[in-house]
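# Structural description and commentary
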Amino acid sequence: MSPTDAVFIALLASRCLNRPQYWWLVVLAPLLAYLIGSHEPLARFSDPLTALAAVALAPRWAPVGLLLVIPEYSSLTESIVAALAWFLLDRLFDTLLARLREDAIFPRLRGWPIQLLVIGVLYYTLLPLVWL
Amino acid sequence: MTKLIGPIIHSGKTNRMMMVLVLVSLAPSLVAAVMRFGFAAALLVICALAGAWLTELVIDRRQAFDGSAVVTGVIFALLLPVTAPWWLALIGGMLATGLGKHAFGGLGCNLFNPAALSRVILMGLIPGAWFISTAVTIDGITTASPLARESGLLAPTITGLLSGSIPGTIGQVAPLAVLAGGLMLVSLRTIDWRIPLTFLATVAFLALVLPPGIRIEGHAPWLLGNPLLHLVGGGTLLAAFYMLSDPVTAPFTPGGRIIFAVVAALAMMLVRFYTPYPDGAALAVLLANASVPLIDRLTLELGPPPSLEPPDNL
């Protein structure tokens, strides 16, 4: 899974969970994944250690953390960009959802379907910027 | 989120009146497109318009006669290359109204510009229908965009762009007609002048200062340091006057609208300079639309209190 896909799936997963007090610690997950993965002495244990670290950051948001550590980040910069992208998109998505008028939306589209649509639009729109 | 509460001052303009003005302003572009490409362009406009209007009629009969679906259909048609199949125009019109507008709750509730949303979705789902390399029509040659590297065997000239002899979508072959229509909307205060002016100025500035990327070097070197080409080529003018200026998907405050236009211009120029995507106008519109709630939040919380005077474009 590419970092871009992981960021968007994590964004979707975060909508299923209540936000704990220190939810934002999850932003460190990609960096930890890269640091643990690139540390030679830990090579044999890098996967379980990364998973443990992702869960320990915010246990109630473990699924989000685990999704963010799935990609193999090729550089520190890539992991930082993925972390920042996830954080900024999460904030952006929240403001977009606040703008939606749920009462005006068709009952069958309220909630999950409209959120999926918005994430899909964001994905398609931001995909070209991956080239940067 | 800060919410604005009344008193609300009615501008005296109804939705229908605004839509009629937009349609009148689009007339020169439509006439130019039909004169240039003949029946092919007319067919695409009719199909997109029919798709948008019939979808509106099925979903919400009350809104079907306010003209908004017609405007959406026409703008979507202007984003199509003339080589596009008729069914793409029909589906595009349907998607623009159904998904772009009514999925979000109808007129006034949509987060994204419906025509831009439909174009981006269809470009992702059916890219082959958009990027037909070249096709000789009755009296011209058209492709997706004059900014596409595939069409860049010869550097496009400004006179060629202005006269419509350079490839483009049916709304891009007559930039002067788009400009005339846009200026009409600005002069009638149907749209806020800040958005197109800031957008076009930022595009020109970035065209001068951005360093070349691999997208340009060796493929389309004439795109460097050539602001006029960026202003009249691709979907720049259509985005400036007809997509970004949509009051529903633009920020509330004047300051927010300037930031919004800068975001859109920056996104479009980054796409043009550094990605394989040929134009980026529709993508930039959607990206700017997505940033609107954030811009509103920042400008309403950090800026001066909003005035009770009605905005210019209402």
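Residues numbered from 1 in each chain as written. Chains lettered and ligands numbered in written order. Predicted model: local features only at pLDDT ≥ 70, side-chain atom pairs only at ≥ 80, totals over all residues. Heavy atoms only, no water.

Let us now look at the overall build of chain B. Across its full length, chain B carries 12 helices and 2 strands. From first element to last, N terminus to C terminus, chain B shows the α and β order α-α-α-α-α-β-β-α-α-α-α-α-α-α. Across the 314 residues that make up chain B, the buried fraction comes to 57%. If you take every contact in chain B between residues at least 6 apart in sequence, the share linking residues at least 24 apart comes to 75%. For chain B, the computed accessible surface area is about 12600 Å², with 72% contributed by carbon and sulfur atoms. (Helix = DSSP H or I, 4+ residues; strand = E, 2+ residues; numbered from the N terminus. Buried < 20%, exposed > 50% of the residue type's maximum accessible area, 1.4 Å probe, protein only. Contact = heavy atoms within 4.5 Å. Areas by Shrake-Rupley, 256 points an atom, 1.4 Å probe, with all protein chains shown as cover.)

Counted under the stated rule, the structure contains 12 salt bridges over all chains. A salt bridge links D192(B) to R194(B), with the shortest nitrogen-to-oxygen separation between them at 3.0 Å. Of the two residues, D192(B) and R194(B), neither departs from the other in class, the shared state being buried. A salt bridge links D192(B) to R257(B), with the shortest nitrogen-to-oxygen separation between them at 2.9 Å. Within this pair, whereas D192(B) is found in the loop between α7 (175–187) and α8 (194–209), its partner R257(B) is found in helix α11 (residues 254–274), the two being separated by 65 residues in sequence. No difference in accessibility class separates D192(B) from R257(B), as the two residues are buried. Via salt bridges that share partners, R15(A), R19(A), D90(A), R91(A) and D94(A) belong to a single interconnected network. (Salt bridge = Lys/Arg side-chain N within 4 Å of Asp/Glu carboxyl O.)

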